[in-house]
Amino acid sequence: MSTIEDSDDRQPCPVCGESIKKSAKVCRHCGEKLTPKGESQGDSTGGLIPYKNPPALIAYYCGLFSLLACLIPIFLPLPVVAVVAGIKGLKKAKAEPQVKGQVHAWIGVIGGGLCGLVGLVTTVGIVIALLSKP
Ligand SMILES: [Zn+2]
């Protein structure tokens, strides 16, 4: 009956069912790693989306929507914004590593650069096609 007094502090291991401490990170009976509730969620979202590096986020979204500029010349300003914001985001990420967002910034620079070029070629092509028509 000695287990009753500290039962509030204990829970069954999800793998082997043995009674273990709620605060335990590893089950001492089977060695299974246990993640305490609410602790593992904060890191993953904070690392994936660089909230503290707005230029990198702007670059990322403009870089994605730059794909439109490949087909529709009206969207050509988007790749320009993506590249400019991407360079700003990279500088910010270098100066303050904790803000992250380097990957997002690079997607903006590369995506924006490529789509900008393709968009320009498409635009020039459309213009030449229109001019060459009788
Ligand atoms: Zn266990």
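This one's a predicted model, so the numbers in the text were calculated from it and none came from an experiment.

In this model, K100 sits at a positive phi of 60°, which is unusual for a non-glycine residue. In this structure, K100 sits in the loop between α3 (77–95) and α4 (102–132).

What follows covers the packing of aromatic side chains. Summed over all chains, the structure comprises one aromatic pair. Where Y60 meets Y61, the ring centres are 5.2 Å apart and the plane angle is 70°; that geometry is what we call edge-to-face. With a relative accessible area of 23%, Y60 lands in the partly exposed category.

On the secondary structure map, G86 appears in helix α3. Apart from residues lying up to four places away in sequence, G86 is in contact with P55, A59, V81, A105 and V109.

Our next topic: the coordination of the zinc ion. Looking at the metal site, the zinc ion is ligated by C13 (SG), C16 (SG), C27 (SG) and C30 (SG), spaced 2.3 Å from it. Coordination at the zinc ion is tetrahedral: its four donor atoms span angles of 105 to 114° at the metal. Written as a sequence motif, the donor arrangement for the zinc ion is C-x2-C-x10-C-x2-C. Note that C13 is positioned in the loop between β1 (10–12) and β2 (19–21) and C30 in the loop between β2 and α1 (40–48), a separation of 17 residues in sequence. Judged by its relative accessible area of 36%, C30 is partly exposed.

Before going further, it helps to examine the confidence of the model for the protein chain. Detailed reading of the predicted coordinates is not advisable wherever pLDDT is low. Taken over all residues, the pLDDT of the protein chain has a mean of 85, while the share at 70 or more is 86%. Note on residues 38–46: pLDDT is under 50 here. Beyond four places in sequence and across chains, it has one contact.

Right, let's talk about the packing of helix α2 (residues 54–71) against α3 for a bit. A pair of packed helices is captured by two measures, namely the crossing angle of their axes and the spacing between those axes. Axis separation between α2 and α3 bottoms out at 7 Å; the angle between their running directions is 155°. Considering the angle they form, α2 stands roughly antiparallel to α3. You can see that α2 and α3 cross each other, and the crossing is left-handed. Residues P54, P55, A56, I58, A59, C62, G63, F65, S66 and A69 of α2 lie in contact with α3, whose contacting residues are L78, P79, V81, A82, A85, G86, K88, G89 and K92. Here the residues of the contact of α2 with α3 sort into 13 nonpolar, four polar and two charged.

All right, on to the side chain of N53 then. In this structure, N53 sits in the loop between α1 and α2. Exposure remark for N53: the relative accessible area of 0% places this residue in the buried category. Beyond its immediate sequence surroundings of up to four residues, N53 is in contact with G89, K92, A93, V99, K100 and G101.

Attention now goes to α4. Counted at 1.5 Å a residue, the expected span for α4 with its 31 residues is 45 Å, and the 44 Å between its end C-alpha atoms agrees. What α4 keeps buried is the set H104, A105, G108, V109, G111, G112, C115, G116 and G119.

Parameters at a glance
- Residues numbered from 1 in each chain as written.
- Predicted model: local features only at pLDDT ≥ 70, side-chain atom pairs only at ≥ 80, totals over all residues.
- Heavy atoms only, no water.
- Helix = DSSP H or I, 4+ residues; strand = E, 2+ residues; numbered from the N terminus.
- Phe/Tyr/Trp six-rings, centres within 6.5 Å; stacked < 30°, edge-to-face > 60°.
- Buried < 20%, exposed > 50% of the residue type's maximum accessible area, 1.4 Å probe, protein only.
- Contact = heavy atoms within 4.5 Å.
- Donors = N, O, S within 2.8 Å, 3.2 Å for Na, K, Ca; no water.
- Tetrahedral: all angles 85-135°; square planar, octahedral: opposite > 155°, others 65-115°.
- pLDDT = per-residue confidence, 0-100.
- Axes fitted to C-alpha atoms, helices over the stretch in contact; angles between N-to-C directions.
- Parallel < 35°, antiparallel > 145°, perpendicular 65-115°, else oblique.
- Left-handed = near helix turned anticlockwise from the far one by under 90°.
- Nonpolar A, V, L, I, M, F, W, Y, C, P; charged D, E, K, R; others polar.
- Expected span 1.5 Å × (residues − 1).

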